[in-house]
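# Residue-level structural notes
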Protein chains: 2
Amino acid sequence: MLTKQELEEFWAEAGKIYLNHISIDCVVFGFHGGQMKVLMLKSNNEEAWYLPGGFVLKKEPIENAADRILKERTGIDEIFLQQFYVFGDPDRSKIHNEMYKDMLPEDQNFFAKRFISIGYYALVDFFNVIPTPDNFSEVCTWRDLNDLPRFQLDHELIFKTALDTLRLQLNYQPIGYNLMPKEFTMPELQKLYETILDKKLDRRNFQRRMLGFGILNKLETTRKGGAHKAPYLYSFDLENYQAALKEGLKSGW
Amino acid sequence: MLTKQELEEFWAEAGKIYLNHISIDCVVFGFHGGQMKVLMLKSNNEEAWYLPGGFVLKKEPIENAADRILKERTGIDEIFLQQFYVFGDPDRSKIHNEMYKDMLPEDQNFFAKRFISIGYYALVDFFNVIPTPDNFSEVCTWRDLNDLPRFQLDHELIFKTALDTLRLQLNYQPIGYNLMPKEFTMPELQKLYETILDKKLDRRNFQRRMLGFGILNKLETTRKGGAHKAPYLYSFDLENYQAALKEGLKSGW
DNA sequence: TTACAATTGTGTACCAATTACACCATGCAT
DNA sequence: ATGCATGGTGTAATTGGTACACAATTGTAA
């Protein structure tokens, strides 16, 4: 987090280097220990948490802005990003606007302006992420979807909209590919689908159907360790996966 | 279309009343004579056509801005609108930016700025629309999807993205309801689906399935006139339609 | 070493939905 | 009145999804 003085310098400069009125907010999903996680940030001064976000440089494509922001928060370079909605209520950032209102004259005051926020969701391999706080926070960490904190501003709406979109797009986007590690077992993949969809699936039918798509490579090795039969490991056949998604995986879950 | 002087006044004022950098573009779909249509505009000075669009007032929710813009172009009040994508390439409005570049100093020059455009698609009953040109055009009219003109800027991309979205959302949005007139025959409705999906559907299965959804009211009257058996007229049962869409119409087309 | 518990891998019978096609009804044209 | 094109309804065949049964494998405990 920046010091008070650094923050003031940042405010003064922001309007010159970033597009006014426009922000980006990202919902970063990860999967670990059979649970879906979202990356969130918090300042020590405030109780509510917020989503990783930022602004668009004057000549920067918005996709690049989202990439850049997430590279800073996660350390990951080529992240899977999907634009999903724009949040444009004039009062959505009212609380922040009030906070910054008297700092500078209105026309120079970047943060006192109304912001229209472009929502992206991101899917990442949990283990590749190095959560890194931003200029306004000391804490950046994964939060479990079953144990979410209080959100700042309209970030709960943004998060919920992202999750709804994720569910709808499960059959059209390479969601498994981006959320799972390189190698995984069938029960692990099933848990991911169950978590996203929030319902139980039949173990045997899931397996048969997944394999039927022809998008998985069965590896030689098995995952030993549990006190049970060792499951086979799989990896995604990226080429077939991409091809299959073009058609949509036949009639969803 | 405004005169040259009026246009200059508009430019000078625009930056004060509208949010900078942000525009809205709408893809308005209609259905007539068994063909899908898009509402488009053209200036006599230019060859390429463009989509109805506009800007967001400083304190206006973006949905209201889209409503307002389309009310002006179509005369319709409560239009079915769906936000579908944001177009944020820094060069997307390059040609326009160049045109207006030298008119005013850069910081006051609303039109010389980069625009991020929020895309909405709209579904309207063809017969309710009164196409009305805007400040920059003399022509506002329906164009057939099979006979599209050259587009300005990135409007072809916007249109294509809208059409793709429409196809994907066919089972989740009240698309038939908004595009068909109050009363219609089953073959007419089928033609709509065939046009959107760009493929033939079986007449008999279409009918059985549509009726199976329980979202249509069969009316007493039939449509006479053709040299054949007179088809029954139907209307949508809006209440059941809304309910059915919440679930998604079972496993798409 | 052997039996057991837990979990994974594979197969099959059943049910629901979609598809393909046959047949009848209706209204205008000749 | 007859024919033809189109609309309306029914039914068999196929496909796909669901619900289980059963065998195989691994570590653990007797």
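So, a few notes on the structure that sits alongside this text. It should be emphasised that the depicted structure is a prediction, and the values quoted were computed from it without experimental measurement.

By a widely used convention, the size of an interface equals the accessible area lost when the partners come together. If you look at the interface, chain B gives 23 residues, while chain A gives 23 residues. Overall, the association of chain B and chain A removes approximately 1,800 Å² of surface from exposure, summing both partners, and the carbon and sulfur fraction of that is 66%. When the area that chain B buries against chain A is broken down by residue, the three leading residues are His 21, Gln 83 and Arg 114 of chain B, summing to 26%. The tally of links between chain B and chain A comes to 0 salt bridges. Seen at the junction of chain B and chain A, the total is 8 residue pairs in polar contact (both at pLDDT 80 or more). For the side of chain B that touches chain A, the secondary-structure elements that each account for two or more residues are strand E1 (18-32), strand E3 (53-57), helix H2 (62-74), strand E4 (80-87) and strand E5 (116-123) of chain B.

With that out of the way, let us pick up the protein's contact with DNA strand D. Surrounding DNA strand D, one finds 22 residues, the nearest of these being Arg 204 and Lys 229 of chain A together with Arg 203, Arg 204 and Tyr 232 of chain B. Backbone sugar and phosphate groups make up 50% of those atoms of DNA strand D lying within 4 Å of the protein. In the environment of DNA strand D, a phosphate oxygen lies 3.5 Å from a nitrogen or oxygen atom belonging to the side chain of Gln 207 of chain B. Within the backbone of Tyr 232 of chain B, one N or O atom sits 2.8 Å away from a phosphate oxygen of DNA strand D. Going through the elements one at a time, helix H7 (203-213) of chain A together with helix H7 (203-213) of chain B are the ones with two or more residues in the surface near DNA strand D. Split by residue class, the surface near DNA strand D holds 5 nonpolar, 6 polar and 11 charged.

Residue and element names in this part refer to chain B. Mapped onto the elements of the fold, Tyr 120 is located in strand E5. Exposure remark for Tyr 120: the relative accessible area of 2% places this residue in the buried category. Along the chain, Tyr 120 and Lys 191 lie 71 residues apart, while their C-alpha atoms are 24 Å from each other. Once residues within four sequence positions are removed from consideration, Tyr 120 is found in contact with Ile 24, Asp 25, Cys 26, Val 27, Ile 62, Glu 63, Ala 66, Leu 81, Gln 82, Gln 83 and Phe 84.

Residues and elements named next belong to chain B. Over its 12 residues, helix H6 (residues 186-197) extends 17 Å from the first C-alpha to the last, a length consistent with the 16 Å expected when each residue adds 1.5 Å. Within H6, 9 of the 12 residues are buried, leaving the element largely enclosed by the surrounding structure. Taken together, the buried positions of H6 are Met 186, Leu 189, Gln 190, Leu 192, Tyr 193, Glu 194, Thr 195, Ile 196 and Leu 197. Directly beyond the C-terminal end of H6, a positive phi value near 60° is found at Asp 198.

Once that is clear, we can look at the protein's contact with DNA strand C. The environment of DNA strand C is formed by 22 residues, the closest being Arg 203, Arg 204 and Tyr 232 of chain A together with Arg 204 and Lys 229 of chain B. Close to the protein, within 4 Å, the atoms of DNA strand C are drawn from sugar and phosphate at a rate of 48%. Contact between DNA strand C and Lys 229 of chain A: a sugar or linking oxygen at 3.3 Å from a side-chain N or O atom of the residue. Partitioned by chemical class, the residues of the surface near DNA strand C number 5 nonpolar, 6 polar and 11 charged.

Turning to the sheet that holds strand E7 (residues 184-185) of chain A, a few remarks are in order. Residue and element names in this part refer to chain A. Ordered by their spatial adjacency, 3 strands build an open sheet running E7-E9-E8, and the pairing between neighbours is antiparallel. Looking at which strands have only one partner, the edges of the open sheet turn out to be E7 and strand E8 (216-222). Two strands pair when backbone bridges link them, and E8 and strand E9 (residues 232-236) are joined in this way by 4 bridges, in the antiparallel orientation. Paired with Leu 216 across the bridge in E9 is Phe 236.

This part covers the sheet that holds strand E9 (residues 232-236) of chain B. Strand pairing in a sheet is mediated by backbone hydrogen bonds. Such pairs are either parallel or antiparallel. Pairing within the open sheet is antiparallel, and its 3 strands lie in the order E7-E9-E8 (chain B). Unpaired on one side and paired on the other, strand E7 (184-185) and strand E8 (216-222) of chain B mark the two borders of the sheet.

Attention now moves to the environment of Val 28 of chain B. Residues and elements named next belong to chain B. Position of Val 28 relative to the elements: it lies in strand E1. Owing to a relative accessible area of 0%, Val 28 belongs among the buried residues under this scheme. Taking C-alpha positions, Val 28 is 21 Å from Gln 242, a pair spaced 214 residues apart along the chain. Residues within four places of Val 28 in sequence aside, it is in contact with Lys 37, Val 38, Leu 39, Pro 52, Leu 70, Ala 122, Val 124 and Trp 142.

In this section: the relation of the copies chain B and chain A. Expressed as a screw operation, the relation of chain B to chain A combines 0.0 Å of axial shift with a rotation of 179°, fitting to an RMSD of 0.1 Å. Between the two chains, the operation in question is that of a two-fold axis. Here 100% of the contact residues of chain B are again contact residues in chain A; the copies associate through an equivalent surface.

For the rest of this paragraph, the subject is the packing of H6 of chain B against H7 of chain B. All names here are of chain B. The N-to-C vectors of H6 and H7 enclose an angle of 100°; their axes lie 10 Å apart at closest approach. Comparing their axes, H7 and H6 come out roughly perpendicular. From H6, Met 186, Leu 189, Gln 190 and Tyr 193 reach across to H7, where they touch Arg 203, Phe 206, Gln 207, Met 210 and Leu 211. When the residues that make up the contact of H6 with H7 are grouped by side-chain class, the tally is 6 nonpolar, 2 polar and 1 charged.

We now examine the packing of aromatic side chains. Following the criterion strictly, the structure yields 45 aromatic pairs over all chains and no others. Each ring, one from Tyr 18 of chain A and one from Phe 55 of chain A, has its centre 5.5 Å from the other, and the planes form 50°; the classification is tilted. Here Tyr 18 of chain A, found in strand E1 (residues 18-32), pairs with Phe 55 of chain A, found in strand E3 (residues 53-57); they are 37 residues apart in sequence, far enough to count as distant. According to the relative accessible area criterion, Phe 55 of chain A is buried, its value standing at 12%. Consider the rings of Phe 84 of chain B and Tyr 121 of chain B, whose centres lie 6.3 Å apart with planes at 45°: the pair is tilted. Pair noted here: Phe 84 of chain B is in strand E4 and Tyr 121 of chain B is in strand E5, with a separation of 37 residues, a long-range link. Using a relative accessible area of 12% as the deciding quantity, one classes Phe 84 of chain B as buried. Assessed through its relative accessible area of 0%, Tyr 121 of chain B is described here as buried.

What counts, and where the lines are drawn
- Sequence order sets the numbering: in each chain, residues are counted from 1 along the sequence as written.
- Written order determines the labels here, with chains lettered from A and ligands numbered from 1.
- A pLDDT threshold of at least 70 governs which residues receive local features in this predicted model, and a stricter bar of 80 or more applies before side-chain atom pairs are shown or counted, although totals over entire chains, interfaces and linings include all residues.
- The basis for every side-chain value is the complete set of non-hydrogen atoms in the structure, without hydrogens or water.
- Contacts are residue-level and defined by heavy atoms, with any inter-residue pair within 4.5 Å sufficient.
- Accessible area that two parts lose when put together, evaluated with a 1.4 Å probe and summed over both, is termed the buried area.
- Salt bridges, as used here, are contacts in which a Lys or Arg side-chain nitrogen is within 4 Å of a carboxyl oxygen on Asp or Glu.
- Throughout this description, a polar contact denotes any pair of N or O atoms lying within 3.5 Å of each other; where both atoms belong to protein, one of them has to be capable of donating a hydrogen while the other can accept it, and for residues adjacent in sequence the pair is counted only when both atoms sit in side chains.
- Each helix is a run of H or I in the DSSP string that is no shorter than four residues. Each strand is a run of E no shorter than two, and both are numbered from the N terminus.
- We define proximity as follows: a residue is near a molecule or strand when any one of its heavy atoms falls within 4 Å of that partner.
- Polar here means any residue other than Ala, Val, Leu, Ile, Met, Phe, Trp, Tyr, Cys and Pro, which are nonpolar, and Asp, Glu, Lys and Arg, which are charged; Gly is therefore polar.
- Burial classification: accessible surface area is computed with a 1.4 Å probe over protein chains only, and a residue below 20% of its type maximum counts as buried, one above 50% as exposed, and the rest as partly exposed.
- One fewer than the residue count of a helix, multiplied by 1.5 Å, yields its expected span.
- In this analysis, strands are considered paired if DSSP registers two or more bridges between them.
- The least-squares superposition of copies is restricted to C-alpha atoms, and to residues with a pLDDT of at least 70 in both copies.
- Here the axes come from fitting lines to C-alpha atoms, over the contacting stretch only for helices, and the angles between their N-to-C directions go from 0 to 180 degrees.
- Roughly parallel means an angle under 35 degrees; roughly antiparallel means over 145; roughly perpendicular covers 65 to 115; every other angle is labelled oblique.
- Pairing of aromatic side chains here covers Phe, Tyr and the six-membered ring of Trp, requires ring centres within 6.5 Å, and sorts the geometry by plane angle: under 30 degrees stacked, over 60 edge-to-face, intermediate tilted.

Function-wise, these values are silent; they only describe arrangement.
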